[in-house]
Amino acid sequence: MMITILICLAGAIGAVCRFGITQLGNRIFNWVPLPLATLVINLSGAFALGVLAGAFAATTTIWLVGSGFMGGFTTFSTFSNEVVTLFNKRRLLAIGYLALTAFGGVLLAALGASLA
Amino acid sequence: MLKRIIAIFGFGFLGSAIRLGLTTLLGTHHYLTIFCINVLGSLLLALITQALPRLLPISPAILSGLSVGLIGSFTTFSTFSVDTVTLMQQAGGLLAGLYFAGSLFCGCLAALWGRQLSHKWVEGRRFQ
């Protein structure tokens, strides 16, 4: 029970970190036509979870940091909604963002796992 | 700003708890569970951001809590990426490709549907 609460707390901290980075990204990199903050969050999270999955298979660490923090930090729903929003304005850019996030995430997760 | 952060923290806790509960409860169907969570979350986020503030008097803090916190933490991109790699190693390219492309396609379709549904609801209410 205690570990469950800790995992959810890690998820809550992950969500707040995501919010902070998004706010910062929207202010500093608002000239970039891509949702750069979400891209950086999702790619770094995929890499980090890859490292964790490779190094600590099914231990408390991967539950706490992986399922908890990285789960709360990265987000699929914002990504898919951003693709749709972008698609209505600039189709090619939306497809580029989709491909960059999706393939980049899988490649970085594989790289992380192979490093660990 | 502090109110928004507190709301995101609280709802983020809840979103993680629901995801954890579902993946634990449906542990033998892990990939299908994550797929459903990501697709459902994509739909819900569209409804929450596009329809909810136009239909109900909702405070910006609660709205951030629901969108960034609850749905943001409920869905996960990192697990989706690692799952694709794991499936590729353990079950082969076909299942991995299906999970990968299926999640992306259905997730974007759900977001699109949520947006259209929201516009319909908002328009419907305007002419009542």
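Residues numbered from 1 in each chain as written. Chains lettered and ligands numbered in written order. Predicted model: local features only at pLDDT ≥ 70, side-chain atom pairs only at ≥ 80, totals over all residues. Heavy atoms only, no water.

### A closer look at the overall build of chain B
Per the secondary structure count, chain B includes six helices and zero strands. Along chain B, helices and strands appear, N-terminal first, in the series α-α-α-α-α-α. Along the longest, intermediate and shortest principal axes, the C-alpha atoms of chain B span 50 × 35 × 25 Å. When each of the 128 residues of chain B is scored for burial, the buried share is 48%. Within chain B, counting contacts between residues at least 6 apart in sequence, those at least 24 apart form 74% of the total. With the model as given, the accessible surface of chain B reaches about 6500 Å², and the carbon-plus-sulfur share is 74%. (Helix = DSSP H or I, 4+ residues; strand = E, 2+ residues; numbered from the N terminus. Buried < 20%, exposed > 50% of the residue type's maximum accessible area, 1.4 Å probe, protein only. Contact = heavy atoms within 4.5 Å. Areas by Shrake-Rupley, 256 points an atom, 1.4 Å probe, with all protein chains shown as cover.)

### Describing the interface of chain A and chain B
Tallying the contact residues gives 46 residues for chain A and 39 residues for chain B. Across the interface of chain A and chain B, roughly 3300 Å² is buried in total on both sides, 75% from carbon and sulfur atoms. Counting across the chain A and chain B interface gives zero salt bridges. Looking at the side of chain A that touches chain B, the elements with two or more residues in it are α1 (2-28), α2 (36-55), α3 (60-73), α4 (77-89) and α5 (91-115) of chain A. Counting residues per element, the side of chain A that touches chain B draws most heavily on α1(A), which supplies 14 residues. Split by residue class, the side of chain A that touches chain B holds 24 nonpolar, 20 polar and two charged. (Buried area = accessible area lost by both parts, 1.4 Å probe. Salt bridge = Lys/Arg side-chain N within 4 Å of Asp/Glu carboxyl O. Nonpolar A, V, L, I, M, F, W, Y, C, P; charged D, E, K, R; others polar.)

### As for helix α4 (residues 60-74) of chain B
Residues and elements named next belong to chain B. The end-to-end C-alpha separation of α4 is 20 Å, in line with the 21 Å expected for 15 residues at 1.5 Å each. Of all the bends in α4, the greatest, near 25°, is centred on Leu66. Counting buried positions over the 15 residues of α4 gives 11, a clear majority of the element. Where α4 is concerned, the buried positions are Ala61, Ser64, Gly65, Leu66, Ser67, Gly69, Leu70, Ile71, Gly72, Ser73 and Phe74. (Expected span 1.5 Å × (residues − 1). Bend = angle between axes of the 7 residues up to and from the residue.)

### Some points on the UniProt feature "binding site: Na(+)" (unreviewed entry) in chain A
Using the residue numbers shown here, the UniProt feature "binding site: Na(+)" (unreviewed entry) corresponds to Gly71(A) and Thr74(A). Within the fold, Gly71(A) resides in helix α3. Discounting chain neighbours no more than four positions away, the residues touching Gly71(A) are Gly66(A), Arg19(B), Gly72(B), Ser73(B), Thr75(B), Thr76(B) and Ser78(B). Inspection of the secondary structure puts Thr74(A) in the loop between α3 and α4. Overall, Thr74(A) belongs to the buried group, its relative accessible area being 0%. Excluding residues within four positions of it along the chain, Thr74(A) makes contact with Arg18(A), Ile41(A), Asn42(A), Gly45(A), Ala46(A), Gly72(B), Thr75(B), Thr76(B), Phe77(B) and Ser78(B). In terms of polar contacts, Thr74(A) uses its side chain to reach the backbone carbonyl oxygen of Met70(A), at 2.8 Å. (UniProt positions renumbered as here; feature names shortened; annotations may be inferred. Polar contact = N/O pair within 3.5 Å; in protein donor to acceptor, adjacent residues only side chain to side chain.)

### Considerations on a nonpolar patch on the surface
A grouping of Met1(A), Met2(A), Ile3(A), Ile5(A), Leu6(A), Leu9(A), Ile13(A) and Phe9(B) is seen on the molecular surface, where their side chains present a nonpolar patch of about 720 Å² in accessible area. For the nonpolar patch, the element with the most residues is α1(A), which contributes six residues. (Patch = residues over 30% accessible without salt bridge, like charges linked within 9 Å, V, L, I, M, F, W, Y side chains within 5 Å.)

### Observations regarding the environment of Phe29(A)
Residue and element names in this part refer to chain A. As for its position among the elements, Phe29 is in the loop between α1 and α2. Judged by its relative accessible area of 38%, Phe29 is partly exposed. Non-local contacts of Phe29, meaning those with residues more than four positions away in its chain, are made with Leu24 and Leu36.

### Observations concerning the nonpolar core
Ranked by size, the top nonpolar core spans 29 residues in total, and within it Phe76(A), Phe79(A), Tyr97(A), Phe77(B), Phe80(B), Phe100(B) and Leu104(B) carry the most contacts. Residue contributions to this core peak at six residues, all from α2(A). Filtering out sequence-adjacent residues up to four positions away, Phe79(A) remains in contact with Thr38(A), Asn42(A), Tyr97(A), Leu98(A), Thr101(A), Phe77(B) and Leu104(B). (Core = buried A, V, L, I, M, F, W, Y, C linked by side-chain atoms within 4.5 Å.)

### A closer look at the UniProt feature "transmembrane region" (unreviewed entry) in chain B
Residues and elements named next belong to chain B. The residues that UniProt annotates with the feature "transmembrane region" (unreviewed entry) are residues 29-49, 61-82 and 94-113. The span residues 29-49 shows a helical share of 95% and a strand share of 0%, and its end C-alpha atoms are spaced 30 Å apart. Here residues 94-113 is 100% helix and 0% strand, with 27 Å between the C-alpha atoms at its ends.

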